[in-house]
Amino acid sequence: VTTSTDHGYNVGDGIKIEGANESVFNDEFEIITVPTTTTFTFPLVTGLASATGTITVKIAPLGWERVYTGTNKSVYRSLDPVSTRLYLRVDDSPARTATVNMYETMDSIDTGTGKSPNVYWSKSSVASTAAHQWHIVGNRKTFYLMIEINLSVPSNLGIYYFGDYKSFRANDPWACGIGGHSTTDPAYSYSSISMTQSNGTTTGLYLARGPSWLGGAVSFAFYGVSRSIYGFTTSPVSNFPSASDNSLHFAPIYVFDTAWRGLASGYFMSLEQMPFGLAYPNKTKFIQDGKTFVIFRAVGSLAAGLFGNFAFSLYEGDWA
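Now for a description of the structure that goes with this document.

Take the pairing of strand β17 (residues 176-179) next. Side-chain alternation along β17 places Cys 176 and Ile 178 on one buried face and Gly 177 and Gly 179 on a second face that is also buried. Relative to β17, strand β15 (residues 157-164) runs antiparallel, the two sharing four bridges. Bridge pairing links Asp 164 to Cys 176 in β17. Bridge count for β17 against strand β18 (residues 205-207) is three bridges, and the pairing is antiparallel. Bridging from a neighbouring strand, Gly 179 pairs with Leu 205 of β18.

Of note, Ser 108 is situated in the loop between β10 (105-106) and β11 (112-113). Sequence separation of Ser 108 and Val 75 is 33 residues, and the distance between their C-alpha atoms is 8.8 Å. At 2.6 Å, the side chain of Ser 108 forms a polar contact with the side chain of Thr 111.

In this section: the nonpolar core. Core analysis: the largest hydrophobic core is formed by 23 residues, its most contacted members being Tyr 144, Met 146, Phe 222, Tyr 267, Phe 296, Phe 310 and Phe 312. Elements with a minimum of two residues in this core: β14 (142-148), β15, β18, β22 (250-256), β23 (260-270), β26 (291-301) and β27 (306-313). Membership of the second largest hydrophobic core comes to 20 residues, among which are Ala 98, Val 119, Trp 121 and Tyr 206.

In total, this model carries 13 salt bridges according to the counting rule given. The salt bridge involving Arg 209 is made with Glu 104; its shortest N-O contact spans 2.9 Å. With a gap of 105 residues between them, Arg 209 in the loop between β18 and β19 (218-219) and Glu 104 in the loop between β9 (97-103) and β10 connect regions that are remote in the sequence. With a shortest N-O distance of 2.6 Å, Arg 261 and Asp 257 are connected by a salt bridge. By the burial criterion, Arg 261 is buried, and Asp 257 matches it. Through salt bridges with shared partners, a single network forms among Lys 73, Arg 89 and Asp 110.

Our next topic: the pairing of strand β7 (residues 73-78). Most of β7 is tucked away, with five of its six residues classed as buried. Where strand β6 (residues 64-70) and β7 come together, six bridges link them in antiparallel fashion. When the sheet's bridge partners are listed, Gly 70 is paired in β7 with Lys 73. The hairpin turn running from β6 into β7, its antiparallel successor, is two residues long, and Asn 72 in that turn takes a positive phi close to 60°. Across five bridges, the pairing between β7 and strand β8 (residues 87-91) is antiparallel. When the bridges of β8 are listed, Arg 77 appears paired with Tyr 87.

Further remarks concern the sheet that holds strand β13 (residues 134-138). Taken in spatial order, the six strands make up an open sheet running β13-β14-β15-β17-β18-β19, and their pairing is antiparallel. Every interior strand has two partners, whereas the edge strands, β13 and β19, have only one.

Thresholds, definitions, all that
Residues numbered from 1 in each chain as written. Predicted model: local features only at pLDDT ≥ 70, side-chain atom pairs only at ≥ 80, totals over all residues. Heavy atoms only, no water. Buried < 20%, exposed > 50% of the residue type's maximum accessible area, 1.4 Å probe, protein only. Helix = DSSP H or I, 4+ residues; strand = E, 2+ residues; numbered from the N terminus. Pairing = 2+ DSSP bridges. Polar contact = N/O pair within 3.5 Å; in protein donor to acceptor, adjacent residues only side chain to side chain. Core = buried A, V, L, I, M, F, W, Y, C linked by side-chain atoms within 4.5 Å. Salt bridge = Lys/Arg side-chain N within 4 Å of Asp/Glu carboxyl O.

Right, dumping it as structure tokens:
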């Protein structure tokens, strides 16, 4: 594909092409090479044809709608009829950190019921117009947004979450959560946040309702491995690479409030911790147990110099 202007795409980006007279091109694809700033390639499963028409390309949408808008504010909702379809309100007015909330119902940009406590999604460690890298991974029910908060630590991605998780309870209408910072304007991604380390801290994380389905939003925790019980530890420390096969391994992340509620949709953690600078680059593809994962870098503790990778499964069965 040759574009009329710089496209800004990278290998691995999901794109949607529309407007071609030949239907084989009107679909969603994954970019496999980017030879220049105005060219990219993707695979076709059918015979190659010349493309004609008024053709457009954009990043493939996840399948969400913008329900309400206001000045520097928007409300989003999944289009999937079998999702919880709870609401995400984003107030992007502050210079460095957006304020986000989960609602059960909404009837305008500023009013609704079942509002969660404030959660914060940081855009930058300082107020400026400098560009920051960002990534989004998700589907029609759940997404994870990753932002480079501090330009001096490019691997220091903040990870934010909204949407449905894989509930252990069948037909759970409240299997939805929101995650981010518990305070505004953090200097680094791990400040007042539990999502990067998946260590069980409940700051900045809320589910729509508790296990009884009564009341409102409750704090929850992400656990990358099971908690210790009766003196048996289930959280051993292993350094990268694994001594068994010189590789990296991933484990599912569990959702817990006062009970084990389910699995995080598509979200996995690396079992090996890495010395400074050895974590895999963002958007690296990795195959484990026959499934493909795309991984991103995260810092666990700047003082300790420990880095790691969080991973997202590209297997649909791992998502809600």
